[in-house]
Amino acid sequence: MKQRISLILLFILLISFLSFGYDIEQVTFIPREFYIGDTVDMRVTLKIPSGTYLNIPEEFPRAGWIHIHDINFLENEEFTTIHIIFSSFQPGIRVLPPIDLGGLVLEGVRIDTASILDQEYSSFVSASDPMYLPGTAFYFGLLVGGLIGLPLFILFFFRVLRSRILRSVLTAGRRRPYIRLQKVLKELERKILNRDGNEFYTTLLLELKVYLSNRTGSDFNTLTSREACLILDDLYPEEFFRGTLEALFRFSDKVKFGGVDPYTARKKEDLNRLDEAVKALEIYYKHLWAAEDDKGVADVDR
């Protein structure tokens, strides 16, 4: 009886040696420090007896604090490395559940899961420096540079800006009579068939007198055609457009007082001649103003 019990114990010891006869040489974790929910590669390097065959279990052990994703082996002549891919869900030190690998049962491996709370609240931490949006320094520098540079720009270039502003205002004022007359000429041309000769030339002559009064400084509005021609002779004795303007004054008197009824073709011809004469007169004054101004003046003929 005692001999039978001794044989049974010897058998159990032999089985135990075959199942658990291994030495853990090294345990490494990638990453070395990990937290709850991280995927970790644990590498257990073993020295196992020759002839021990390992198998990946069909089902991985389950525990409430760990989830094993995958298990595989890497063997050489001296050591066997077991790769266990897992995620831990509780901080602190826990022992890996036993894993039956066929030729041995891997157990007793400790897993230390770090805690973020322990690191963040372990001691008093001073307030962090204020955070700025990306590019804040650039825009702040741009703002400061603008606040400082703009007054300097205005200070140093005030005279240039003032000269240009005054010149623009002056140019706009000089162009105004010409623009007004051009609008009237286009309106007369558009309604040339709907106006009789008397109305047509009365309007044309009235607007021409307003234009010449603004351009020359003399009051043409109260002058007769003969008096207007005398002033034109004095102002533009050698300019060709003088003859065109005087001819228009004389023909207008014939229409208004002499009963002449002009054809549409004559109306169009007089509009074209007046347009050419006024353009030439604008060029005349452009050169005159350029000679009077310090740095020239804007082109009124544009």
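Residues numbered from 1 in each chain as written. Predicted model: local features only at pLDDT ≥ 70, side-chain atom pairs only at ≥ 80, totals over all residues. Heavy atoms only, no water.

Caption draft 1: Summary view of the side chain of Thr 113. Looking at the secondary structure, you find Thr 113 in strand 8 (residues 110-113). For Thr 113, a relative accessible area of 3% puts it in the buried group. Polar side-chain contacts of Thr 113 include one of 2.8 Å to the side chain of Ser 88. (Helix = DSSP H or I, 4+ residues; strand = E, 2+ residues; numbered from the N terminus. Buried < 20%, exposed > 50% of the residue type's maximum accessible area, 1.4 Å probe, protein only. Polar contact = N/O pair within 3.5 Å; in protein donor to acceptor, adjacent residues only side chain to side chain.)

Caption draft 2: Structural detail: the packing of aromatic side chains. Tallied over the entire structure, the rule returns 12 aromatic pairs. Geometrically, the ring pair formed by Phe 29 and Phe 86 is edge-to-face, given 6.5 Å between the ring centres and 80° between the ring planes. Of this pair, Phe 29 sits in strand 1 (residues 23-30) while Phe 86 is found in strand 4 (residues 80-88), placing the two residues 57 residues apart along the sequence. Comparing Phe 29 with Phe 86, the two get one shared label, buried. Ring centres 5.3 Å apart and planes at 70° place the aromatic pair Tyr 201 and Phe 251 in the edge-to-face group. Of this pair, Tyr 201 sits in helix 4 (residues 197-216) while Phe 251 sits in helix 6 (residues 241-257), placing them 50 residues apart in sequence. Clustering of aromatic rings is evident, with ring pairs tying together Tyr 236, Phe 240, Phe 241, Tyr 284, Tyr 285 and Trp 289. Note that Arg 215 overlies the ring of Tyr 285, its terminal NZ or CZ placed 5.9 Å from the centroid. (Phe/Tyr/Trp six-rings, centres within 6.5 Å; stacked < 30°, edge-to-face > 60°. Lys NZ or Arg CZ within 6 Å of the ring centre and 35° of its normal.)

Caption draft 3: Main features of the nonpolar core. Counting residues in hydrophobic clusters, the biggest one holds 33 residues, and the most contacted among them are Leu 204, Leu 208, Leu 212 and Leu 245. For this core, the secondary-structure elements that each account for two or more residues are helix 3 (136-190), helix 4, helix 5 (225-235), helix 6 and helix 7 (264-292). At 8 residues, helix 7 tops the list of elements feeding residues into this core. In this structure Leu 204 touches Leu 185, Leu 188, Leu 248, Leu 271 and Leu 274, once residues within four positions along its chain are discounted. Ranked by size, the runner-up nonpolar core spans 23 residues in total, among them Trp 65, Ile 68, Leu 101 and Leu 106. (Core = buried A, V, L, I, M, F, W, Y, C linked by side-chain atoms within 4.5 Å. Contact = heavy atoms within 4.5 Å.)

Caption draft 4: Region of interest: the pattern of salt bridges. One pass over the structure, following the stated rule, counts 11 salt bridges. Ionic pairing is found between Glu 187 and Lys 191, a salt bridge with its closest N-O pair at 3.1 Å. On the basis of relative accessible area, Glu 187 is assigned to the partly exposed category, the value being 29%. For Arg 266, the salt bridge identified is with Asp 270, shortest N-O distance 3.2 Å. (Salt bridge = Lys/Arg side-chain N within 4 Å of Asp/Glu carboxyl O.)

Caption draft 5: Geometry of the sheet that holds strand 2 (residues 39-47). Strand order in the open sheet formed by 4 strands is 1-2-4-3, with antiparallel pairing between adjacent strands. Two strands lie at the open edges of the sheet, namely strand 1 and strand 3 (66-75), each paired on one side alone. Strand after strand, the sheet turns through a mean of 20° between neighbouring axes, direction not considered. Examined bridge by bridge, strand 3 and strand 4 share 9 bridges and lie antiparallel to one another. Pairing of Ile 66 across the sheet is with Ser 88, part of strand 4. (Pairing = 2+ DSSP bridges. Axes fitted to C-alpha atoms, helices over the stretch in contact; angles between N-to-C directions.)

Caption draft 6: Spotlight on the side chain of Arg 215. Mapping Arg 215 onto the fold places it in helix 4. A relative accessible area of 8% means that Arg 215 is categorised as buried. Ignoring any residue separated from it by four or fewer positions in sequence, one finds Arg 215 in contact with Arg 174, Pro 177, Tyr 178, Leu 281, Glu 282, Tyr 285 and Trp 289.

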